[in-house]
Each structure stands twice: as structure tokens, then as C-alpha cells.
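# Chains, contacts and geometry: an overview
For reference, the chains in residue letters:
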Amino acid sequence: MAEVPEEPTGESREEELVAARRAKADAMRSAGTDPFPHSFENVEPVEAVIAQHEGLNDGDETDSKHRIAGRLAARRGQGGAVFIDMFDRTGRIQLLAQTDHVGEEAFAAIGDLDLGDLIGVDGTAMKTKRGQFSLKVEEIFLLAKALRPPPDKHHGLKDIETRYRRRELDLIASEESRELFLTRAKVISTIRAFLDRDGFVEVETPVLQPLYGGAAARPFTTHHNALDRNFYLRIATELYLKRLIVGGLERVYELGKDFRNEGISPKHNPEFTMLEWYEAYSDYMVIASRLEDLVREVSRAVGYEGEIDFESPWRRETLQSSIHTRCGIDILANRDRDSLAAAMKEKGLEVPETDTWPQLVDELLTKHVEPELQQPTILFDYPVELSPFAKSHRSQEGLVERFEAYAAGMEISNAFSELNDPDEQRRRFEAQRADADAGDDEAQPYDEAFIRALEQGMPPTGGIGIGIDRLVMLLTGSKTIREVVLFPAMREEQ
RNA sequence: GGGCCGUUAGCUCAAUUGGCAGAGCAGGGGACUCUUAAUCCCAAGGUUGUAGGUUCGAUUCCUACACGGCCCA
């Protein structure tokens, strides 16, 4: 081959755009201006500036000076004038720069700004003849050069994959996305305020645990070099929090990440945010009403106006009746595997051959009940086989005092009267060990440290876990958890 | 894990019974002092996800793979 091929130009177009922007930054440096200055003090939120001038009439100009900062979103040149749209976290505002007012040199510099640049502005409040509130520019400062172009100014960023992988672009392009994550933050701060007000203590327990437990899930495993031992990333905070109840903290909560090494779906991210709280001298009924109060308060705080009714008392059913109503099958009258399987077949339902009795109950619940629970519903009283940490029911043999709360066809919460009898807890662990030996890889490992803590004496206690990502999904009408997690787990980008 | 759908310019999208891949926005040059998806003129921008196959010719048809989405397990 005589010809030497040109250099590959795979990203040439984008690199050209970057080069043009970098050249502008370099030109500024040559002229003695830093395209990445250190600070810009005394900035007002755009929302506040707009709010101060609601009474202006079309064409009014004022002497009211304001300093704002944000990202340059759009520009409309008009000869000796230019209109610029910029936005900060609180809102979007139009700037009007006129060559007569700022001078030719500054006007030319404004012309060199690119969409996406971070700018600071000093200007005066005005309303255009067409009635658009604006800031009349005195001076514009480049606060940071954007070397890469932003997403389309009108269509935004539509590609779902890019929105998740490069969330910063999504946040730049989409006010809805920014609002969603501000709502998420509001949910979390409201929860903290609610629990703090009711005398709960926020605590932090280990994320790296010698033994995992508190939920039916497979863990992530990691290794500590100095100790030369393996740790698990927690799948729940439950067992440590109950040890704090033993210790006398009486009301504790933890809000943080749990990790479950399982499939990814619209309802599952491998790391997710969980709230757990435990309160001494109470039981699952007390917990249920506090859950209703909390969710109602949170929905009000974020201004929820969707289809789900968080104001009324939640529907309450037993697990048994919820299945009986929808499938015509009484799980407690069919207390063994073969009997329940026969009842399901009689109703024409599919029966997975290898499923155990608890798995069949879970199948009925997941497939036939859960999707029906659109309005907030609490299902009470679960079979003991499904609930190794819940206290036996005070009046019903074979059941435990446990409830799960559902809304929009999704489990959002799981709560118990906590099992505090150490000998009973030991028997439950032994049953789990038998399940594990039989091949159940979600069975609870035997936790001697937890048993020993219970032997110290734990007061009667109610406790709960709430999936915060799912709660945010409900409150924002999001169909997938990836919409409410800033950086959802993805396969490696190729 | 299985099925279906998608992947084209920086962004948003077209197009082809298999025959030189097109727009808008953004970017470059120019005009314009009340625009707001501003407008107008000029020029430029592509390994059509990756690797193979069929074909005179593949972005289009076939196979595998990658990533994503939806549904099922």
C-alpha cells in the first residue's frame, strides 16, 4: 500500500467542537482573563430575583441591581443586542445585553460565550416591551468554560442510556430531572425531621459486616487486606439496630444504602436506599400507624398530587384474606406443600414443581395480589416460615406479627413485632440453616452475636424497613427505579 | 437465562424493493438593537454500534457479539 491512511477520525466532529471551545478559552488566557476563575460572591437565586419584581409593567426598566450565576442555555442575537437564557438550580431567566450599554469590547466577549458555559451576571431588573422579565446586563463574567457542547437546547437528552450513564447531562438538559432529585432530597429531609421530632436517634451501623442478615438476599463479598478476612456488604441494618435497642437507645433509625447481589429490574438496583427504624415498648400495630403518618407527611411536603391517596387511612387486610379474596385459595387451610399445590391446580394456577410451601405463598402474593394493590394497602400476619425475625402472633398459631405495605403494585415496606426471645430466635436460625443445607441461597446465616445480644434482654419492640427509592418512585410517578437513582448500575460501556 | 424492539452527524430525528446517507439544532463565516424553538444568507460536518457473511454493490438482507429498552423466567 502506497497510501498511508489518515488518522482515524472516529470522534473527529466532537473533537472539533471541543477544539473550538478550547481555542476561545486559550484566547481569553492570552488576553489576561482566566476562563476558570476562583469564585463569584453574593449570588442571588434566579427564583428570588424574579419574585422581587412581580409588579413590573411591559417596557419598565429599574435601577434594581442583581447578581446571578448559572449555565448559558440559549442565545438569540439581534445585531447590537443579544438575548441570553440562563438557568440556575431555582429557575430560568432572560438576559438582555446591548452594545450601547455594555460597550463594544464587552459585547464582543459576550458573543464568544458558548451554550453550556457557566456565567455570572451583574444587571438590573426590567421587563421587555413584549412582557418578558429580564436582567439588563451590566457585565457578564465567564465563571467556567464548558469545553463540551450541551445536549440539544430544545429537545434535550432523549437517549435513556446516556441519561443514566451521564446523569450530569440529563440534569443540565432537563428541569424535570432536576426537580425529581430535589424532590428525592425533600423526601429524605422530611423523614429525618419526622423521626427526629418523635424522639428517634439517627445511628450508623457497619456497612462492612462479618456476617450478613436481616433480609432474604444474596450479599456482595469483599476482602479486608490488613485483617485478611472477608466482609459482606450489608443487605439490611436490622440486626445491628436491634442490638442498639438491647443497648437501651429505645428509638433508633438508620437511613442508608443496602446492597443485594441480585438481578436488576425496574424495581431493583443492586444498591438502594433503605430506612429502618425500631422503637422499644411497641409492636407492629404502632409501627403501622406511624408509617401512615410518615408517608402522609412526606407526600404533603413534596406537594404530591397523583392518583394515590395518602390522606385516607390505608386499606388493611390479612395476608390470608388478601389471597383468598383474589384467588379463592385459603393458604392457612392448606398448610402443607401438596395441599396448597392441589388447591392452586384446582383453580387453574401454575404450580412450579420445585416450590416449597412458603415459595408457593410468595408466588400467590407476588403474582395475584401485589399487582392489584394500587392504593396504599397493608397486609398483616405472615406465616412463620417467611419471617425468621418476627415475633409469633399473639393469638394465631403458625403466624407471626408482620406486615408488608404496598402501593402502585409494589412492596414499599416490611415490618414486625420483633422477635425478642433468644431461644426462639435460635430455633428460627436453625430452621434457616436447614433451608440453606437444602439449597436455599437466601437463607439467613446463623448469627451468634445477635443471639447473645438478645440474651441480654431486648424489650418488646416494633421495627420496620422502608424502600426509599420505591417511595420516591410513588411520589414522583416514576416507572423505574433508574429514574430516581442518580447513577443506576449499568453494564460496562463498550 | 429466553423472546421482541432499538443503536444513522455533538444533540433530536429522516431515508433506502439492495444503487452517491438528509434535515433541524449546536458549531464556523456573515446580516440584524425587543428576541424567546428568533429570523435570513454562505460554507462545513458521517467507519450508519462492532465483527463476519451473501452480493457487481450492504446503512438496508443474514449470522454472531456489545450496549440499551420492553415483556417473560
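The structure presented is a predicted model; accordingly, all values stated were derived computationally and were not measured.

## Examining the pattern of salt bridges
Under the criterion given, the structure shown has 41 salt bridges. One salt bridge in this structure joins E297 and R197, with 3.0 Å as the shortest N-O distance. Placement of E297 in helix 9 (residues 284-301) and of R197 in helix 7 (residues 175-197) is noted, with a sequence separation of 100 residues between them. Judged by its relative accessible area of 26%, E297 is partly exposed. Take R197: its relative accessible area is 53%, and that puts it in the exposed class. Here E370 and K267 are joined by a salt bridge, their closest N and O atoms 3.7 Å apart. Here K267 lies in the loop between strand 10 (251-259) and strand 11 (271-280) and E370 lies in the loop between helix 12 (357-369) and strand 13 (377-383), a separation of 103 residues in the sequence. It is possible to trace a salt-bridge network through shared partners that takes in K24, D114, D117 and K145.

## A look at the sheet that holds strand 1 (residues 61-78)
The 5 strands are arranged 1-2-3-5-4 in a closed barrel whose pairing can be described as mixed. Strand-to-strand twist of the sheet, defined as the mean angle between neighbouring strand axes without regard to direction, takes the value 55°. Pairing between strand 2 (residues 81-88) and strand 3 (residues 91-98): 8 bridges, direction antiparallel. What sits directly across from D88, in strand 3, is G91. Most of the contacts of helix 4 (residues 104-111) go to strand 2, to which it runs at about 55°, and overall it touches strand 1, strand 2, strand 3 and strand 5 (133-144).

## Concerning the domain arrangement of chain A
Partitioning chain A into domains gives domain 1 (17-144) and domain 2 (176-314 + 375-483). Once you take the C-alpha centre of each, domain 1 and domain 2 turn out to be 49 Å apart.

## Quick word on the environment of G248
For G248, the location among the structural elements is in the loop between helix 8 (238-246) and strand 10. On the basis of relative accessibility, which here comes to 43%, the residue G248 falls in the partly exposed class. Measuring from C-alpha to C-alpha, the distance between G248 and A280 comes to 8.6 Å, with 32 residues separating the pair along the chain.

Rules used in this analysis
Residues numbered from 1 in each chain as written. Chains lettered and ligands numbered in written order. Predicted model: local features only at pLDDT ≥ 70, side-chain atom pairs only at ≥ 80, totals over all residues. Heavy atoms only, no water. Salt bridge = Lys/Arg side-chain N within 4 Å of Asp/Glu carboxyl O. Helix = DSSP H or I, 4+ residues; strand = E, 2+ residues; numbered from the N terminus. Buried < 20%, exposed > 50% of the residue type's maximum accessible area, 1.4 Å probe, protein only. Pairing = 2+ DSSP bridges. Axes fitted to C-alpha atoms, helices over the stretch in contact; angles between N-to-C directions. Contact = heavy atoms within 4.5 Å. Domains from an automatic or database assignment.

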